[in-house]
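Fold and contact review
Given next are the chains, with one letter for each unit.
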Amino acid sequence: MAGATPRDLHIDQLLTNVSLMYRNQTYIADQIFPTVPVVKQSNKLVKYDQSHWFRDDAKLRAPGTKSQGGGWTVDTSALYFCDRFSYRHEIYDEERDNADQPFNLDVEATEFVTDKMQMKREVNFATDFFTTSVWTGDKVAGTDFTAWSDYASSQPLIDLTDYRDVVEARIGREPNKLVFGKQVWNKLKWHPDL
């Protein structure tokens, strides 16, 4: 065996306990707008008139008299339509039959397709909701408040408290989510107030 090298004595094979795969782990759309299962692709939505729920209508009642009555109204003119998105990754029988370890083609295809669908939802979410005129009471840095990148003059904690109070006044509860774009967060996380 004189003259044999380590390379001559070993044939490279795939590791079965490690592989490198790419997957986005920072999707947030489902955290902000959880998926609501529906039976039909389109239908109407029920919207209760908020003003009925925010009025203090209860009255003191004298003995033998009827209590104060009231109710609410609903609007059923709002419609929803669920667009259908899809993506596929085909695995041919020959591929599945011949795949060695560490490949698990069915699992990998499921993860790949799932990631494509989550990415589409995330892109649609960002496009549809990280824009002006979608939310009531849009605020613009430099116009409605001092930009948070101006560390000397801005007061992000006061701004956020004020805007939280505005949301609470509109919907009757404190907001429970706050989403920043990466550029805003990169400035805000170094703000001296934080």
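Residues numbered from 1 in each chain as written. Predicted model: local features only at pLDDT ≥ 70, side-chain atom pairs only at ≥ 80, totals over all residues. Heavy atoms only, no water.

1. Regarding the environment of Phe-81
- Position of Phe-81 among the secondary structure elements: in strand S4 (residues 79-81).
- Linking Phe-81 and Asn-43, residues 38 residues apart in sequence, is a C-alpha distance of 6.9 Å.
- Once residues lying within four places of it in the same chain are set aside, the contact partners of Phe-81 are Gln-41 and Ser-42. (Helix = DSSP H or I, 4+ residues; strand = E, 2+ residues; numbered from the N terminus. Contact = heavy atoms within 4.5 Å.)

2. Looking at helix H4 (residues 105-129)
- Counted at 1.5 Å a residue, the expected span for H4 with its 25 residues is 36 Å, and the 36 Å between its end C-alpha atoms agrees.
- Listed in full, the buried residues belonging to H4 are Ala-109, Val-113, Asp-115, Glu-122 and Phe-125.
- The inward-facing, buried residues of H4 contact helix H1 (29-32). (Expected span 1.5 Å × (residues − 1). Buried < 20%, exposed > 50% of the residue type's maximum accessible area, 1.4 Å probe, protein only.)

3. A look at unusual backbone geometry
- Following Gln-101, the chain continues into Pro-102 via a peptide bond in cis, with omega recorded as 15°.
- The residue Ser-133 is not glycine, and still its phi comes out positive at about 70°.
- Looking at the element boundaries, Ser-133 is found in the loop between H4 and helix H5 (156-171).

4. Some thoughts on the side chain of His-52
- Of note, His-52 is situated in helix H2 (residues 50-53).
- Looking at His-52, its side chain comes within polar contact range of the side chain of Arg-55, at 2.7 Å.
- In contact with His-52, other than residues within four places in its own chain, are Gly-71, Trp-72 and Thr-73. (Polar contact = N/O pair within 3.5 Å; in protein donor to acceptor, adjacent residues only side chain to side chain.)

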